[in-house]
Amino acid sequence: MHRPSWDQYFIDITHLVATRSTCIRRQVGAILVKDRNILATGYNGVPSGISHCDTVGCLRERLNVPSGERHELCRGLHAEQNAIIQAAKHGINIDGSTLYCTTMPCIICTKMLINAGISIVVYAEGYADDLAREMLAETGIKVCLFNPENVEHTA
């Protein structure tokens, strides 16, 4: 029996969380973890009570907005934002936690993660946002591209 590392376990969960997304363009999942406990989860999608994009169509596609640009032109929230919001809604302290995410956070999510006190970001695939990378580097938040061959970074 093969037992996955903690990083593998948490990255696998982000992929499961992403399956709840109703985004037409990209399904993203995120979890916040502290002391090997999941504090909150989030996936990209519209706010509660709003018609989903897979029903009403994608505003970004309609406006021809390229990926990685003009994040405000979207009906949905990003997975990282939803994880932070869920933690806040339920009164969960995420300061010092690790974010596991299917995709490297964008600049908007990065600014939120910085102010929320996230210590480590582990992501499964890249995202073209140089400013996000620069700001994370400046803060000293550890950022790791998940590689199943590497030793654990977090948890």
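Now for a quick tour of the structure. (Residues numbered from 1 in each chain as written. Predicted model: local features only at pLDDT ≥ 70, side-chain atom pairs only at ≥ 80, totals over all residues. Heavy atoms only, no water.)

Points about the packing of helix α4 (residues 79–89) against helix α5 (residues 107–116)
Next, step 1: Running from N to C, α4 and α5 cross one another at 30°; their axes reach a closest spacing of 9 Å. As judged from the angle between their axes, α4 and α5 are roughly parallel. Taken as a pair, α4 and α5 cross one another with a handedness that is left-handed. On α5, the residues touching Glu 80, Gln 81 and Ile 84 of α4 are Ile 108, Cys 109, Met 112, Leu 113 and Ala 116.
Next, step 2: Residues belonging to the contact of α4 with α5 are distributed by class as follows: 6 nonpolar, 1 polar and 1 charged. (Axes fitted to C-alpha atoms, helices over the stretch in contact; angles between N-to-C directions. Helix = DSSP H or I, 4+ residues; strand = E, 2+ residues; numbered from the N terminus. Parallel < 35°, antiparallel > 145°, perpendicular 65-115°, else oblique. Left-handed = near helix turned anticlockwise from the far one by under 90°. Contact = heavy atoms within 4.5 Å. Nonpolar A, V, L, I, M, F, W, Y, C, P; charged D, E, K, R; others polar.)

Focus on helix α1 (residues 6–18)
Next, step 1: Counted at 1.5 Å a residue, the expected span for α1 with its 13 residues is 18 Å, and the 19 Å between its end C-alpha atoms agrees.
Next, step 2: The complete set of buried residues in α1 reads Asp 7, Phe 10, Ile 11, Ile 13, Thr 14, Val 17 and Ala 18. Down the axis of α1, the buried set is contained in an arc of 155°. They therefore lie on one face. (Expected span 1.5 Å × (residues − 1). Buried < 20%, exposed > 50% of the residue type's maximum accessible area, 1.4 Å probe, protein only. Arc of directions from axis to C-beta.)

A short note on the packing of aromatic side chains
Next, step 1: Counting across every chain of the model gives 4 aromatic pairs.
Next, step 2: Taking the centre distance of 5.1 Å and the plane angle of 40° together, the rings of Phe 10 and Tyr 100 count as tilted. Taken as a pair, Phe 10 in helix α1 and Tyr 100 in strand β3 (residues 98–103) lie far apart in primary sequence, 90 residues in all.
Next, step 3: The class of Phe 10 is buried, set by a relative accessible area of 0%.
Next, step 4: Counting every residue linked through ring pairs, the aromatic cluster contains Trp 6, Tyr 9, Phe 10 and Tyr 100. (Phe/Tyr/Trp six-rings, centres within 6.5 Å; stacked < 30°, edge-to-face > 60°.)

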